[in-house]
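Examining the three-dimensional arrangement
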Amino acid sequence: MRSTGFRRTVVAIGVCSSLALAATACGSGGDGSADGRTRITVNCEPPRSAKVDRRFFEEDLASFAEQNPGIDVVAHDAFPCQDPKTFDAKLAGGQMEDVFYTYFTDAKHVVDMGQAADLTPYLKDLKSYGTLQKQLRDIYTVDGRVYGIPRTGYSMGLIYNRKLFQKAGLDPDKPPTTWDEVRADARKIAALGNGTVGYADYSAQNQGGWHFTAELYSQGGDVVSPDGKKAAVDSPEGHAVLQNLHDMRWTDDSMGSRQLLVINDVQQMMGSGRLGMYLAAPDNIPILVKEKGAHYDDIAIGPMPGGNGTLIGGDGYMFDKHDTPAQIRAGLKWLDHMFLTPGADFLGDYARARKNDAPVGLPEPRLFTGAADARDQQAKKANANVPLANYQAFLDGNRKLRMRIEPPDAQQIYSVLDSTVSAVLTEKDADIDQLLKDASGKIDGILARS
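A brief report on the enclosed structure follows. What you see is a predicted model; the values in this text were computed from it and never measured.

Let us look at the pattern of salt bridges. Scanning the model with the defined rule gives 24 salt bridges in all. As a salt-bridge pair, Arg-145 and Asp-118 come within 2.9 Å of each other at their nearest N and O atoms. In this pair, Arg-145 sits in strand 7 (residues 145-146) while Asp-118 sits in the loop between helix 3 (107-112) and helix 4 (134-137), placing the two residues 27 residues apart along the sequence. When its relative accessible area of 34% is taken as the criterion, Arg-145 is described as partly exposed. For Asp-173, the salt bridge goes to Arg-162, with nearest N and O atoms at 3.0 Å. Residue Asp-173 is located in the loop between helix 5 (162-167) and helix 6 (179-190), and its partner Arg-162 is located in helix 5; the two are separated by 11 residues in the primary sequence. One continuous salt-bridge network, built from bridges that share partners, spans Arg-55, Glu-59, Asp-60, Asp-349 and Arg-352.

Next up, the structure:
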């Protein structure tokens, strides 16, 4: 699933905007050239309701146009950047932009549908490609050919309330790193009373299945077999995930009585100071502060407990199969300018972000390597306006974890696992073995049809 961010906190109707007055049509099509100029359509422009992000994006589009007078960029805004309900239909109908936004889990699917341009011959035109993390580049590499470019990433960790840790006699600089420690700390936090919850988890709207997957990875388990053909949740690791949730909910009473929670519910609990811990990515933190009433000094994040792995996600851009070579080269130049310049561009201009009171210094997974990473980190540190020490445990712990992407057919599988997790959290006598067996059968059916 997606992590949080401005594209999930606003709603807007998709419109078409352009720096080129002559280019007014929405959608892809044509040979991409007019009067010797190359025209490309791109998507995921922040909606007008996200005023600061929209302004940043338009500023960067303008600077790109100034530096590249032979390229016209038509940017489409929409919320969300990708709607899973319409994505396949747009792909099949040839309605995607020339350069279009995708989640990490889309890469192979888009290639399998025959809708992606092969970027391999053009990679020399993307100055930043060799500086990007290999594990992120590999997500868009299928059978040795490159079909997309990563833009951002996230990894899951354990967000916790430092103030509640202190009140419960726990060290706020040492978050739990095993599930036994999570359980023990949750008991102590819940014992504070007054409606305080030690640990909360999602269990509805596919979010329960998403978190089950993250917790399974943390135990060293898998959702599907290595060949992607069979379910793998009915395992000792899967059993351990559900047993731990069951015991915290029913034996320890450290998860509270209210269940079937989704992300907004849990964020509200954390923002109000009534929750000790929950799993999330670092980009939850500014939402907790700006929308839910928390304070940066009180919110910290540690690594995913369990020590084996953590779920990662993110996004990037792919190119329509009908793009001309000139459009592909223009799109790669646009990506370099907009998203892949360390310490600059839409996502990396930390000085501009700080001037506009946007958080700088959150521990996002590093996109770059080597000298490019050093430049990016130096610029981030110089403009940091959040308590960096609160995130050090997360950064240190992540170096030891295996980074795992979501399973194939993720949303359908998450829907199945939602029922599994919700049963454990709402039925004291839930049969964990039977729940896993039933989930496996349903997942096998999903995989057989895909």
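On to the sheet that holds strand 10 (residues 197-199), then. Spatially, 10-11-9-12 is the arrangement adopted by the 4 strands of the open sheet, whose pairing is mixed. Of all the strands in the sheet, the pair left with one neighbour each is strand 10 and strand 12 (299-303). Neighbour-to-neighbour, the strand axes of the sheet open up by a mean angle of 25°, direction not taken into account. Of the strand pairs in this sheet, strand 9 (residues 157-161) and strand 11 (residues 275-280) are connected by 4 bridges, and their pairing is antiparallel. Of the residues in strand 11, the one forming a bridge with Leu-158 is Leu-279. Helix 9 (residues 263-271) rests against strand 9, strand 10, strand 11 and strand 12 of the sheet, and its axis sits at about 140° to strand 11.

A few words now on the nonpolar core. Formed by 74 residues in total, the largest nonpolar core has its most connected members in Ile-159, Tyr-199, Phe-212, Leu-245, Met-277, Tyr-278 and Ile-443. Broken down by element, the residue count for this core peaks at 9 residues, all from helix 16 (residues 410-426). If you look at the next biggest cluster of nonpolar residues, it comprises 52 residues, including Leu-61, Met-96, Val-111 and Phe-339.

On the surface, a cluster of negative charge is contributed by Asp-234, Asp-431, Asp-433 and Asp-438. Tracing the chain through its elements places Asp-438 in helix 17 (residues 432-449). Asp-438 sits in the partly exposed class, given a relative accessible area of 39%.

Right, let's get into the packing of helix 8 (residues 236-251) against helix 16. Running from N to C, helix 8 and helix 16 cross one another at 30°; their axes reach a closest spacing of 8 Å. It follows that helix 8 is roughly parallel to helix 16 by the angle criterion. Like other packed secondary-structure pairs, helix 8 and helix 16 cross with a definite hand, here right-handed. Within the contact between the two elements, helix 8 uses Leu-242, Leu-245, His-246, Arg-249 and Trp-250 and helix 16 uses Thr-420, Val-421, Val-424, Leu-425 and Thr-426. Each residue belonging to the contact of helix 8 with helix 16 can be placed in one class, and the counts come to 6 nonpolar, 3 polar and 1 charged.

Let us look at the environment of Asp-180. With respect to the helices and strands, Asp-180 occurs in helix 6. Overall, the relative accessible area of 62% leaves Asp-180 in the exposed class. Sequence-wise, Asp-180 and Gln-67 are 113 residues apart; in three dimensions their C-alpha atoms are separated by 55 Å.

In this description, an aromatic ring pair is defined by two values, namely the gap between the centres and the angle between the planes. Scanning all chains against the criterion turns up 12 aromatic pairs. Centroid distance Phe-57 to Phe-346: 5.4 Å. Interplanar angle 80°. Geometry classified as edge-to-face. Of this pair, Phe-57 sits in helix 1 (residues 51-67) while Phe-346 is found in helix 12 (residues 345-348), placing the two residues 289 residues apart along the sequence. Note on Phe-346: relative accessible area 7%, which makes it buried. Both rings, one in Tyr-202 and one in Trp-210, keep their centres 6.3 Å apart while their planes meet at 35°; by these two values the pair is tilted. By the burial criterion, Tyr-202 is buried, and Trp-210 matches it. Members of the aromatic cluster, joined through ring pairs, are Phe-57, Tyr-101, Tyr-103, Tyr-317, Trp-334, Phe-339 and Phe-346. For the cation-ring pair, Arg-137 lies above Tyr-129, with the distance from its terminal atom to the ring centre recorded as 5.1 Å.

Thresholds applied
Residues numbered from 1 in each chain as written. Predicted model: local features only at pLDDT ≥ 70, side-chain atom pairs only at ≥ 80, totals over all residues. Heavy atoms only, no water. Salt bridge = Lys/Arg side-chain N within 4 Å of Asp/Glu carboxyl O. Helix = DSSP H or I, 4+ residues; strand = E, 2+ residues; numbered from the N terminus. Buried < 20%, exposed > 50% of the residue type's maximum accessible area, 1.4 Å probe, protein only. Pairing = 2+ DSSP bridges. Axes fitted to C-alpha atoms, helices over the stretch in contact; angles between N-to-C directions. Contact = heavy atoms within 4.5 Å. Core = buried A, V, L, I, M, F, W, Y, C linked by side-chain atoms within 4.5 Å. Patch = residues over 30% accessible without salt bridge, like charges linked within 9 Å, V, L, I, M, F, W, Y side chains within 5 Å. Areas by Shrake-Rupley, 256 points an atom, 1.4 Å probe, with all protein chains shown as cover. Lys, Arg positive; Asp, Glu negative; His and termini not counted. Charge placed at Lys NZ, Arg CZ, Asp CG, Glu CD. Parallel < 35°, antiparallel > 145°, perpendicular 65-115°, else oblique. Left-handed = near helix turned anticlockwise from the far one by under 90°. Nonpolar A, V, L, I, M, F, W, Y, C, P; charged D, E, K, R; others polar. Phe/Tyr/Trp six-rings, centres within 6.5 Å; stacked < 30°, edge-to-face > 60°. Lys NZ or Arg CZ within 6 Å of the ring centre and 35° of its normal.

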